Amino acid sequence: MAKPTIAGNRTGRKLGQRVKNKKMKASSRQWLQRHINDPYVQRAQLEGYRARAAFKLLEIDEKHSILKGARRIIDLGAAPGSWSQIAAKVTGSTDEDIRVAAIDFLEMTQLPGVKILQLDFLDPSAPAQLIEAVGGTPDLVISDMAAPTTGHHRTDHLRTMHLCEVAAHFAVEVLGEGGHFLAKTFQGGTERDLLNMLKRHFKQVVHVKPASSRAESVEMFLLAKHFKGRQADADVTEA
Ligand SMILES: C[S@@+](CC[C@H](N)C(=O)[O-])C[C@H]1O[C@@H](n2cnc3c(N)ncnc32)[C@H](O)[C@@H]1O
């Protein structure tokens, strides 16, 4: 895997550029200025990733080694597709032997070795379609899903947390023993019940904030490692 640390600006584009277009709204100008000066955006372009989000996954993997050995990966909230690009590479997925399934309700440009479902993950048919698409038991479920923003902070927060919770239950339903689950969450946002459920089913549960996740953002990732398997599930139910 590519080393995720950012070692200066290698795109040849100057950092610290200012956007001077006075016709733009101040908030849009600030966003654009931050975007073009973001070293992760520049490095994503240089390395052919569809989004700077690629480095979040790579940094988490650098520390927690979740991609190594993965044979089938399900990517939830996948557009524009940088996590799927990495997933296809690590699994050696090809169009002839698909090992990565990706879902997003937004349209996503095709990627070799990735079966893309344009569908809401909360649609009742999504879990079965994802399993069929990935062609076997996944050993990694990754979710970067964030609910579309409404402008109402609390609502946005709750919606994204709900997605994280549904993704966690999906992971417990579908993962093979020893598999891992990674999902976007918010600082202080993971419900105790969800954490307890994950701790019952995985050997290790941690929160991670990669350097490429903007410091001012409350975004974090919830990582549950080494799924104990569904037999453990039965033991929990019987206890
Ligand atoms: C931060 S982006 C994902 C970026 C992606 N990891 C990458 O590397 O390119 C979050 C995505 O989650 C998707 N999303 C949010 N809610 C969803 C849902 N209910 N079903 C499917 N996709 C959803 C959004 O459409 C958006 O494309």
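Structural data are supplied above this passage.
Cut-offs applied
- Residues numbered from 1 in each chain as written.
- Predicted model: local features only at pLDDT ≥ 70, side-chain atom pairs only at ≥ 80, totals over all residues.
- Heavy atoms only, no water.
- Phe/Tyr/Trp six-rings, centres within 6.5 Å; stacked < 30°, edge-to-face > 60°.
- Helix = DSSP H or I, 4+ residues; strand = E, 2+ residues; numbered from the N terminus.
- Buried < 20%, exposed > 50% of the residue type's maximum accessible area, 1.4 Å probe, protein only.
- Core = buried A, V, L, I, M, F, W, Y, C linked by side-chain atoms within 4.5 Å.
- Contact = heavy atoms within 4.5 Å.

A. Up close: the packing of aromatic side chains. Under the counting rule described, the total for this entry stands at 5 aromatic pairs. With a centroid separation of 5.9 Å and 45 degrees between ring planes, the pair formed by Tyr40 and Phe55 is classed as tilted. Taken together, the positions of Tyr40 in helix α2 (residues 39–47) and Phe55 in helix α3 (residues 54–64) put the pair 15 residues apart, joining distant regions of the chain. The pair Tyr40 / Phe55 is uniform in exposure class, with both members buried. Between Tyr49 and Phe55, the aromatic rings sit 5.8 Å apart at their centres with planes inclined by 85 degrees, giving edge-to-face as the arrangement. On the accessibility criterion, Tyr49 (14% relative accessible area) is buried. Residue classification places Phe55 among the buried positions, given a relative accessible area of 0%. The structure contains a cluster of three or more aromatic residues connected by ring pairs, namely Tyr40, Tyr49 and Phe55.

B. Quick look at the nonpolar core. Core analysis: the biggest nonpolar cluster contains 36 residues, and Leu76, Phe121, Leu130, Val141, Phe181, Leu198 and Phe202 have the highest contact counts within it. Among the secondary structure elements, those contributing two or more residues to this core are β1 (73–76), β2 (100–104), α5 (126–134), α6 (153–174), β5 (180–186), α7 (192–201), β6 (202–208) and β7 (219–227). The contacts of Phe121, once residues within four sequence positions are left out, are Leu76, Ile103, Ala126, Leu130, Met145, Val166, Ala167 and Phe170. Counting residues in each nonpolar core, the second largest holds 31 residues, with Ala54, Leu58, Ile60 and Ile116 among its members.

C. Up close: unusual backbone geometry. The step from Ala79 to Pro80 runs through a cis peptide bond, and the omega angle for that step is 5 degrees. Looking at the element boundaries, Pro80 is found in the loop between β1 and α4 (82–91). For Ser65, which is not glycine, the phi torsion reads 50 degrees and is therefore positive. With respect to the secondary-structure elements, Ser65 resides in the loop between α3 and β1. Of note, His226 is a non-glycine position whose phi angle comes to about 65 degrees, a positive value. You can see His226 is positioned in strand β7.

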